[in-house]
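Single-letter residue listing:
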Amino acid sequence: MNSEKIIETTKLTKAFGSFKAVNEITFDVKKGEIFGFLGANGAGKSTAMKMLTGLLSPTSGEATVAGFDVFTQQEKIKKNIGYMSQKFSLYDDLSLLENIKFFGGIYGLSKEQLNERGTAMIERLGLSDVSHKLLKEVPLGWKQKIAFSVATLHQPKIVFLDEPTGGVDPITRRQFWEMIYEAADNGTTVFVTTHYMDEAEYCNRISMMVDGRIAGYGSPKELKADFKSDNMDEVFVKIARGENYKIQ
Amino acid sequence: MSALKFILQKEFKQIFRDKGMLPIIFVMPIMQLMVLSFAATFDVKNIQLEVVDRDHSQLSQSLIEKYVASEYFNLVHFKHATDTKGTSLQEGSVNISLEIPNDFEKNIMQKTPVTLSAKVNAIDGMTAGISASYAQSIIQEFREEFVKANIGLFEQQNTPFEINFSMQNWYNATLDYKFYMVPGLLVLLVSMIGMFLTSMNIVKEKEIGTIEQLNVTPITKGEFIIGKVLPFWCIGMFVLSLGLTIAKLVFSVPMQGPIYLIFLFAMLYLFVVLGIGLFISTLADTQQQSMFIAWFFMVIFVLLSGMFTPIENMPVWAQKITLLNPFRYFIEVMRSVLLKGATWDDVKMNFFIIGIYAIVINTMSVLAYRKTNG
Ligand SMILES: Nc1ncnc2c1ncn2[C@@H]1O[C@H](COP(=O)(O)OP(=O)(O)OP(=O)(O)O)[C@@H](O)[C@H]1O
Ligand SMILES: [Mg+2]
């Protein structure tokens, strides 16, 4: 990990009418780090992520992703990122292989790359038996791992994961985090939202959102010290109650 | 553009994997045309007939008697040559007005072709079509009987005598009602494919969330749109071919003009309806919404297409609206090519208009489709 900033925002805001779903958030993510984005339901995590991935136009503020502006260079950003949405969104009526071929193909991978990376990925996931099955027949835990692998197939600089472990059993969650570490080791920056406070501990740095604002920002260690807590659960409860409202 | 290849592959796989799809492609056209054949066998009786006899000959008299004797016609008006043209047809008290020209008898005896002209009240398109074909068949019978009775007169002649039947307001006179309807139905079928299937297909991706996954890739709008539209374009062309084949084989619909004109027109026309489907998909968030919007357009387009009610019988304001209706142009091309033997010169205006339509509607939908939402 180095100190080069790959995502940088200043007072980034998204308003739906008069309601500010994301309210002047300022933070940065360094190249190669695992950055956790935490917050309660409706805090604005997904909305923030959609602005960074070019799916949603911001209302005001500034932000760059991989060196490109989120207001004007959304299509350039899209070439450099991978995205796994909160809702499973690969094609259920296509097989694993077909999904790999389709998404890899539209990112411009060559036939050889598709074959090579596709085979490697299926082996790594241990899914050779089901690679021809339609995804609707595959259990959720596997689907999440598949979605992550497909999102990183084109080896993006940054991968955005929106609650990738929601509704998944503890063992699968563990395996999922192993995959995240592997991607980070290979130099991919990981931007991940989650509800699980234990997962916050796995991140290099985190930000905690409350009602559209960033209410806590730093490494887990720093946050625990700041809020005089033993674990991230306590930090979260204190922040959510509005105690010791700390803005960077 | 290599992304396009992958999108097309995916779309075709998904379309043919969808169990509901094959019945739509194969069964719907067959069913619709079959149902039509029942609808088209309605018997029409008590056709109110007006005769304008300008000949006053024995022969014209016996022709009129044949009409009176038939169970289908009621002679309600009889006009002499000197009468000025009446308005009973416009008033609606008469369904069909038959004019026997002077020299009717003389010309027949001299074996000069004769033209009877008939005006048909075409407000009720179905009755009009059937009355016209009955009126025509009586003339045919009359002709055959006359030839038989005067064998001596016609034996040596190679040229049989002719009675032409010329129709006004109704170019489909010599044909069955279903001949008139089949072209309209084919247009309807092709249009439904374009509007419903495309819009629902795209909105489905919105519903299940996969569109977000696509919008976050570097895929261009053009690739996405062509990838979505092209498969349905192919299906539309296929359904049209299937429909025309059924029309020919099962209903013996005549194909007077060059069929390639219909295919060429359909190629262009499909881009219009697919563009409308695309546009609907940008307005709707759920498949139900897209269905409602598509139905809304469909009903308006059908009612104002001239499919059931001839356009010249519509009020003037409605006639003006039909100029904006893409269905109208395709139905015109279909009917004039199939039934009237139209050529390129007759339909080139329709090509021109529908071409402009295709450009406008697709530009609108491309502009309305957004990879980044507000
Ligand atoms: N398109 C929209 N129009 C209006 N309001 C919206 C829109 N999208 C999101 N919101 C609102 O913005 C707020 C933040 O939503 P967001 O989805 O970003 O939350 P989140 O932190 O991801 O929550 P969750 O943990 O439930 O996923 C919510 O109150 C939501 O209702
Ligand atoms: Mg969310």
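Residues numbered from 1 in each chain as written. Chains lettered and ligands numbered in written order. Predicted model: local features only at pLDDT ≥ 70, side-chain atom pairs only at ≥ 80, totals over all residues. Heavy atoms only, no water.

Novice: Residues and numbers for the domain arrangement of chain B, please.
Specialist: Taken domain by domain, chain B comprises domain 1 (2–41 + 175–368) and domain 2 (47–154). Here the C-alpha centroids of domain 1 of chain B and domain 2 of chain B sit 41 Å apart. (Domains from an automatic or database assignment.)

Novice: Explain the sheet that holds strand S5 (residues 68–69) of chain A residue by residue, including any values.
Specialist: All names here are of chain A. Strand order in this open sheet of four strands is S2-S1-S4-S5, and the pairing throughout is antiparallel. Bordering the open sheet on either side are strand S2 (19–30) and S5, each of which pairs with just one other strand. Judged from the two bridges that link them, strand S4 (residues 60–65) and S5 form a sheet pairing that is antiparallel. Bridging from a neighbouring strand, Val-65 pairs with Phe-68 of S5. Against the sheet, helix H1 (residues 45–52) touches strand S1 (5–16), S2 and S4, its axis set at about 120° to S1. (Pairing = 2+ DSSP bridges. Helix = DSSP H or I, 4+ residues; strand = E, 2+ residues; numbered from the N terminus. Contact = heavy atoms within 4.5 Å. Axes fitted to C-alpha atoms, helices over the stretch in contact; angles between N-to-C directions.)

Novice: Lay out the sheet that holds strand S7 (residues 158–162) of chain A in plain terms, naming residues and giving numbers.
Specialist: Residues and elements named next belong to chain A. If you trace the six strands from one edge of the open sheet to the other, you get S6-S7-S8-S3-S9-S10, paired in mixed fashion. The sheet is open, and its two borders are formed by strand S6 (81–84) and strand S10 (213–218), each paired with just one other strand. The average angle at which neighbouring strand axes cross in this sheet is 15°, direction not considered. Taken together, the four bridges between S6 and S7 define a ladder with parallel strand orientation. The residue bridging Ile-81 from the neighbouring strand is Ile-158, located in S7. Set on the sheet, helix H5 (residues 140–151) makes contact with S6 and S7; between it and S6 the angle comes to about 165°. The strands that helix H6 (residues 170–185) touches are strand S3 (34–39), S6, S7 and strand S8 (189–194); relative to S3, the one it contacts most, it runs at about 135°.

Novice: An account of the interface of chain B and chain A is requested, with residue identities and associated values reported.
Specialist: Residue-level contacts link 25 residues of chain B with 32 residues of chain A. Here chain B and chain A share an interface that buries about 2600 Å² over both sides, 57% of which is from carbon and sulfur atoms. Looking only at chain B, the three residues that lose the most surface to chain A are Phe6(B), Gln213(B) and Val216(B), adding up to 24% of its buried area. Scanning the region where chain B abuts chain A turns up four salt bridges. Note that Glu98(A) and Lys13(B) form a salt bridge whose closest N and O atoms lie 3.8 Å from each other. In this structure, the connection of chain B to chain A is made through 14 residue pairs in polar contact (both at pLDDT 80 or more). For the side of chain B that touches chain A, the secondary structure elements donating two or more residues are helix H1 (2–17), helix H8 (177–208) and helix H9 (210–215) of chain B. Among the elements that take part in the side of chain B that touches chain A, H1(B) stands out by supplying eight residues, more than any other. Of the residues in the side of chain B that touches chain A, the class split is eight nonpolar, ten polar and seven charged. (Buried area = accessible area lost by both parts, 1.4 Å probe. Salt bridge = Lys/Arg side-chain N within 4 Å of Asp/Glu carboxyl O. Polar contact = N/O pair within 3.5 Å; in protein donor to acceptor, adjacent residues only side chain to side chain. Nonpolar A, V, L, I, M, F, W, Y, C, P; charged D, E, K, R; others polar.)

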